[in-house]
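Per-entry structural report
Each chain is listed here by its residues.
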Amino acid sequence: MTETKREVERKYESDDSGLPDLTGVAGVADVLDKGVAELDATYYDTPDERLAAASITLRRRTGGSDAGWHLKFPVAPGVRDEIRAPLSDTLPPGLAGLLRSRVRDAGLVPVIRLRSARDIRELVDRRGRLLAEVSVDAVHAERLGGTGGRAQWTEIEVELADDGDPAFLDKVEKRLRRAGVRPSTSASKLARALTETRPGRTGKKKRDTARQPAPADGAGRKRGTGKAPAGPVTAGDHLLVYLRAQRDALVELDPAVRRDLPDSVHRMRVATRRLRSAFRSYARILDRAATDPIGEELKWLAGELGVDRDQEVLTDRLTAALDDLPRPLVTGPVPARLHAWAQARRDDSRSPLIAVLDGSRYLRLLDDLDALLADPPLRKAAAGDPDRVIRKAVRKDYRALSELVEEALARPPGHDRDLALHEARKRAKRTRYAAEAAEPALGDPATALVKAAKALQTLLGDHQDSVMAREALREIAGQAHAARESSFTYGVLYGREERRAAQDEAELPTLWKRAGAGAAL
């Protein structure tokens, strides 16, 4: 059993003079002394500190009101999601799964022990409602694993109450600054402890000037930033920056998918498609003999992710269409029938997806991606001028897209045109992703093509969703008929979907003409 808490906090340096008077902070009616809590936490990481490099913390803590296992993921500066599990001797499986994309087979070991004497104050308003918890923490850090480094310091921590207004923290900080207290230069206690207890450090108490380590990929190597490298670069340099950013997205989104966070499945699926598309579009830069096997595994993963995502999109579409119907057109238990159909398919898709993420095939794919990007199979064109090599690849994709669109428009309405439009949609995605990778090298022309391909993809995506919605409506109508329920409403919805698809097809020639005019490279 786990629970998740959104943690919004700020940390400040302390010179051991204690906590300044906070009764003057706007909105604070009283400062309540809650005593001192003795906390003892052991932090775990891989031997090469992959979690710390990604600003993820895992600890087992005793003492205080929330003893147990705590796993924290960064959300924004000063904001983290803390996932808690009850105290136990071993790491709970639910938390272990959230770390699998980074840890893999490296294993977790204890790296830091932090013992803190936490002097706690609660800031409350006139009604006695908690606004924030402020603590002065006297911290003793010890590096584990035989290296033996130690450090100690005192810091002030201000944590916003659940559902509190983040602007209140600005008011507290203003008061602290007037008293000479300054924000900490370290992102967390763990980050400071890792820096100050490294072999060769004195462990003396001092102001921490260390910066948070750069993010790392699942294998512990420093990763790309997603931006074009500074200075002269090759076509291969540009492409590798893009590929590393997508690989990083896969690793980072894994725990979000496991937690069923909104849009996480879609974003992870897009990352797989971007990787696979780039391998194919830029085959003159990277040898396809090496990338094709990984591309096939990415296709498999996208398909597994799609089971859940496609169901989510389809359910949302049918629900919105039903809500839009006038009440007299809704006959029988249609909402309940739709909900039961969606829930049954959702239950069928969710468990297999988690099993995929826990499986060896998926983890092997991540390892293979890391290996390929660490030692990329570059071809001769990779050393060429980015403008020339990348522009040529994007033009090739755009020409292929043009042929597919023209072929689809030449077909009469019906099943064959639906299939042709679906193929054009997939090619529009590939062209869009190729242009995205090209933007740092080609600038505005590539950006224009991204926009044009995205608009086309959206239109053709709506058309394909209509095709899938009609298939679903036939299935649900059959279930309703078998249960002796009216199927009238499903027929109405089916007819509306037919008209919507026809409108998409009617808009396509005009949209394609505009896309062609704005996408010249």
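Rules of the game
Residues numbered from 1 in each chain as written. Predicted model: local features only at pLDDT ≥ 70, side-chain atom pairs only at ≥ 80, totals over all residues. Heavy atoms only, no water. Pairing = 2+ DSSP bridges. Helix = DSSP H or I, 4+ residues; strand = E, 2+ residues; numbered from the N terminus. Axes fitted to C-alpha atoms, helices over the stretch in contact; angles between N-to-C directions. Contact = heavy atoms within 4.5 Å. 1 Å grid on protein atoms, 1.4 Å probe; cavity = no way out; pocket = protein on both sides within 12 Å on 5 of 7 lines; lining within 4 Å. Points joined across faces, edges and corners; volume = space filled by probe spheres on them. Core = buried A, V, L, I, M, F, W, Y, C linked by side-chain atoms within 4.5 Å. Buried < 20%, exposed > 50% of the residue type's maximum accessible area, 1.4 Å probe, protein only. Salt bridge = Lys/Arg side-chain N within 4 Å of Asp/Glu carboxyl O. pLDDT = per-residue confidence, 0-100. Parallel < 35°, antiparallel > 145°, perpendicular 65-115°, else oblique. Left-handed = near helix turned anticlockwise from the far one by under 90°. Phe/Tyr/Trp six-rings, centres within 6.5 Å; stacked < 30°, edge-to-face > 60°. Lys NZ or Arg CZ within 6 Å of the ring centre and 35° of its normal.

A few words now on the sheet that holds strand β2 (residues 30-45). Around the barrel, eight strands lie side by side as β1-β5-β4-β3-β2-β6-β7-β8; this closed barrel has antiparallel pairing. Strand after strand, the sheet turns through a mean of 35° between neighbouring axes, direction not considered. As defined by bridge partners, strand β4 (residues 68-76) adjoins strand β5 (residues 79-85) across seven bridges and the pair is classed as antiparallel. Its bridge partner lying in β5, W69 is registered against A85. Contacts from helix α4 (residues 167-178) reach β1 (3-13), β6 (109-124), β7 (130-143) and β8 (150-160), with the element oriented near 20° to β1.

Further remarks concern empty space enclosed by the protein. For the coordinates displayed, the defined rule picks out three cavities of 30 Å³ or more. Lining of the largest cavity is provided by L318, L322, V334, L338, L473, I476, Y490 and L493. Elements supplying a minimum of two residues to the lining of the largest cavity: α8 (288-323), α9 (334-358), α13 (444-482) and α14 (488-518).

This brings us to the nonpolar core. Grouped together as the largest cluster of nonpolar side chains are 65 residues, with contacts concentrated most on L243, L250, Y282, I285 and L456. Tallying contributions element by element places helix α12 (residues 415-442) first for this core, with 10 residues. Excluding residues within four positions of it along the chain, L456 makes contact with L401, V405, A428, L508, L511 and W512. Core analysis: the next-biggest nonpolar cluster, separate from the first, contains 19 residues, V8, V25, V134 and I156 among them.

Here we take up the pairing of β4. As judged from the five bridges shared by strand β3 (residues 57-62) and β4, these two strands associate in the antiparallel manner. Residue pairing in the sheet places T57 in a bridge with K72 of β4. Count of turn residues in the β3/β4 antiparallel hairpin: five residues, of which G63 carries a positive phi of about 90°. In this antiparallel pair of consecutive strands, β4 and β5, the connection spans two residues, and G78 shows a positive phi of 80°.

Evaluated as defined, the whole model comprises 57 salt bridges. The salt bridge partner of R104 is D370, with a shortest N-O separation of 2.7 Å. Taken together, the residues R104 in the loop between α3 (100-103) and β6 and D370 in helix α10 (residues 360-374) connect sequence positions 266 residues apart. In this structure, R104 and D370 share a single accessibility class: buried.

Mean pLDDT over the protein: 89, with 91% of residues reaching 70 or higher. Contacts for the low-pLDDT stretch residues 203-229, under 50 throughout, to residues beyond four places or in other chains number 74 contacts.

It is the contact of α12 with α13, at a shortest axis distance of 8 Å, that shows an interaxial angle of 155°. Classified by the angle between their axes, α12 and α13 sit roughly antiparallel to one another. Here the hand of the crossing between α12 and α13 comes out left-handed.

Take the packing of aromatic side chains next. One pass over the structure, following the stated rule, counts two aromatic pairs. Ring geometry for Y44 versus W69: centroids 5.5 Å apart, planes at 40°, classification tilted. Placement of the pair is Y44 in strand β2 and W69 in strand β4, with a sequence separation of 25 residues. Between R361 and the ring centre of W300, over which it is positioned, the NZ or CZ distance is 4.1 Å.

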